[in-house]
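Secondary and tertiary structure notes
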Amino acid sequence: KEHTSHIEEMVAANLKLDLPADIKTALENVLPPLKAYIASARDMYEMAKLDKAGAQALYPSFKVAFSDLEVKMGDVSELIEKTATSMKEAEDAEADSIVLLTTILSGISLVLIIMLPVMTNRLMFTPLTQMMTAMDRITKGDTASDIPYTHRTDEMGNMARTVQIFKDNSLK
């Protein structure tokens, strides 16, 4: 009786869990053969108390009930294992995607970190150096060379136009 009660309690507890529908259905399909197994075991036990030969005559039906229960329990076990494997594969694929995304984002970040000084140099320091060179030429009397960046609309363009004004004033 303890054995059958334990199995019934386990099935009932599992049915209360938030399980996928196919596993829940498979567990529900265990109930009829479980009840048949319990009834067969109880009948055979009660008969054994009264008539040993009668209990032996019930054994084949008990064996069939037990086999039916084993098949349904096996189906549930296989389904749970299949679902667990599928879930693990999905989690592994998601983890692989996260690793790939992290690697890509790290690579992009590294490229940006490397490019920042290069772009800063190209956008700020190269024009500034060229402006300083142009101003140096003007101070040495070279008024024939062009002042770079006068077409720009940023601070460098403002500086270039100011230098152009100095150059033009030195020609007067």
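All of the points below concern the structure found in this document. (Residues numbered from 1 in each chain as written. Predicted model: local features only at pLDDT ≥ 70, side-chain atom pairs only at ≥ 80, totals over all residues. Heavy atoms only, no water.)

**Points about the pattern of salt bridges**
- Under the criterion given, the structure shown has five salt bridges.
- Between D142 and R137 there is a salt bridge, with its nearest N and O atoms 3.8 Å apart.
- According to the relative accessible area criterion, D142 is partly exposed, its value standing at 30%. (Salt bridge = Lys/Arg side-chain N within 4 Å of Asp/Glu carboxyl O. Buried < 20%, exposed > 50% of the residue type's maximum accessible area, 1.4 Å probe, protein only.)

**Notes on the environment of L58**
- Positionally, L58 belongs in helix α3 (residues 52-139).
- Looking at L58, the relative accessible area reads 27%, which means it is partly exposed.
- For L58, the contacting residues outside a window of four places in its chain are D43, M44 and M47. (Helix = DSSP H or I, 4+ residues; strand = E, 2+ residues; numbered from the N terminus. Contact = heavy atoms within 4.5 Å.)

**Digging into the nonpolar core**
- V11, L27, V30, L34, Y37, L69 and V76 are the most contacted members of the largest nonpolar core, which totals 17 residues.
- Here the element with the most residues in this core is helix α2 (residues 21-50); it accounts for eight residues.
- Non-local contacts of L34, meaning those with residues more than four positions away in its chain, are made with I7, E8, V11 and L69.
- Counting eight residues, the second largest nonpolar core, distinct from the first, contains A134, I147, M156 and V163. (Core = buried A, V, L, I, M, F, W, Y, C linked by side-chain atoms within 4.5 Å.)

**Remarks on the packing of aromatic side chains**
- Tallied over the entire structure, the rule returns four aromatic pairs.
- Between Y37 and F62 the ring centres are 5.5 Å apart and the planes differ by 35°, which places this aromatic pair in the tilted class. Taken together, the residues span a long stretch of sequence, with Y37 in helix α2 and F62 in helix α3 at a distance of 25 residues. Of the two residues, Y37 and F62, neither departs from the other in class, the shared state being buried.
- When the ring of F62 is compared with that of F66, the centres are 6.4 Å apart and the planes differ by 20°; the resulting orientation is stacked. Of the two residues, F62 and F66 are both situated in helix α3; the distance of four residues between them amounts to about one turn of the helix.
- Three or more aromatic residues link up through ring pairs in this structure, and these residues are Y37, Y59, F62 and F66. (Phe/Tyr/Trp six-rings, centres within 6.5 Å; stacked < 30°, edge-to-face > 60°.)

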